[in-house]
Amino acid sequence: MDPMARNRRTVTEFYDLMFNRCNPRLAVERHVGAEYIQHNPQVADGKDAFIEYFERMAREYPGKRVSFKKVLADGDHVVLHCHQEWPTDPHKNWAGIDIFRLDMSGKIVEHWDVLQVVPDTAKNSNTMF
């Protein structure tokens, strides 16, 4: 399989498993490499910190869902443009960009993200997706 196609599949399977199916431990076991570098200031580095954070998110925000609007690959990086739905959060809809770096084996080793609340009104007729 083409490495970029493999990387796109790895990242989307990882994200779906940890976010939609609420199983970050299995997502890490299947798709994360020897190290995991995290750039989100709310989550510590390392696999255990990632698992702990997303297990807590699953408990605190039941029914959360993500859908992928765009999946872009460039070399060892994959970028997701996502719509996150958090039904129990005051801000129910979020637009997100997640960037992942994968190692030569196709395992995730680094992550960056930015999130923005989807507003009720906009000054244009474009959507965020």
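Here's a quick rundown of the structure. Since this is a predicted model, take the numbers as computed values, not measurements.

Brief notes about the overall build of the protein
Argument step 1. The helix and strand tally for the protein stands at three helices and five strands.
Argument step 2. When the helices and strands of the protein are listed from N to C terminus, the series reads α-α-β-α-β-β-β-β.
Argument step 3. For 129 residues, the compact-globule formula gives about 14 Å, and the C-alpha radius of gyration of the protein, at 15 Å, lands near that figure.
Argument step 4. Along the first, second and third principal axes, the C-alpha atoms of the protein reach 45 × 30 × 25 Å.
Argument step 5. When contacts within the protein are restricted to residue pairs at least 6 apart in sequence, those whose partners lie at least 24 apart make up 47%.
Argument step 6. In the structure as shown, the protein presents an accessible area of about 7,500 Å², 51% of it carried by carbon and sulfur atoms.
Argument step 7. Positive and negative side-chain charges of the protein, numbering 17 and 19 respectively, have mean locations separated by a distance of 5 Å.

Description of the pairing of strand β4 (residues 93-102)
Argument step 1. In this structure, strand β3 (residues 77-85) lies alongside β4, joined through nine bridges in antiparallel fashion. Bridge pairing in β4 links V79 to I99.
Argument step 2. Between β4 and the antiparallel strand that follows it, strand β5 (residues 108-117), lie five residues; G106 among them carries a positive phi value of about 80°.

Focus on the nonpolar core
Argument step 1. Ranked by size, the top nonpolar core spans 24 residues in total, and within it F14, Y15, M18, F100 and I108 carry the most contacts.
Argument step 2. Contributions of two or more residues to this core are made by α1 (3-20), α2 (24-31), β1 (32-38), α3 (47-60), β3 and β4.
Argument step 3. Ranked by the residues each element gives to this core, the list is headed by α1, at six residues.
Argument step 4. For I108, the residues in contact, after removing those within four places along its chain, are T10, V11, F14, H31, V32, G33, E35, Y36, F100, R101 and L102.

What to know about the packing of aromatic side chains
Argument step 1. Evaluation of the coordinates by the stated rule reveals 10 aromatic pairs.
Argument step 2. Ring geometry for Y15 and F68: centres 5.7 Å apart, planes at 75°, overall edge-to-face. Here F68 lies in strand β2 (residues 65-74) and Y15 lies in helix α1, a separation of 53 residues in the sequence.
Argument step 3. A centroid spacing of 4.9 Å and a plane angle of 45° characterise the contact between F50 and F54, whose relative ring orientation is tilted.

Side note on the sheet that holds β5
Argument step 1. Pairing within the open sheet is mixed, and its five strands lie in the order β1-β5-β4-β3-β2. Bordering the open sheet on either side are β1 and β2, each of which pairs with just one other strand. Here the strands of the sheet are splayed against their neighbours by 25° on average, with no regard to which way each runs.
Argument step 2. Two elements, β1 and β5, share three bridges in a ladder whose sense is parallel.

Digging into the pairing of β3
Strand residues, when the strand is regular, have side chains that alternate between the two faces of the sheet.
Argument step 1. In the sheet, β2 pairs with β3 via nine bridges, with the strands oriented antiparallel. Across the sheet, the residue bridging to D74 is H77, located in β3.
Argument step 2. Linking β2 to β3, which pair antiparallel, is a turn of two residues; within it G75 sits at a positive phi near 60°.

Cut-offs applied
- Residues numbered from 1 in each chain as written.
- Predicted model: local features only at pLDDT ≥ 70, side-chain atom pairs only at ≥ 80, totals over all residues.
- Heavy atoms only, no water.
- Helix = DSSP H or I, 4+ residues; strand = E, 2+ residues; numbered from the N terminus.
- Rg over C-alpha atoms; globule rule 2.2 N^0.38 Å.
- Contact = heavy atoms within 4.5 Å.
- Areas by Shrake-Rupley, 256 points an atom, 1.4 Å probe, with all protein chains shown as cover.
- Lys, Arg positive; Asp, Glu negative; His and termini not counted.
- Charge placed at Lys NZ, Arg CZ, Asp CG, Glu CD.
- Pairing = 2+ DSSP bridges.
- Core = buried A, V, L, I, M, F, W, Y, C linked by side-chain atoms within 4.5 Å.
- Buried < 20%, exposed > 50% of the residue type's maximum accessible area, 1.4 Å probe, protein only.
- Phe/Tyr/Trp six-rings, centres within 6.5 Å; stacked < 30°, edge-to-face > 60°.
- Axes fitted to C-alpha atoms, helices over the stretch in contact; angles between N-to-C directions.

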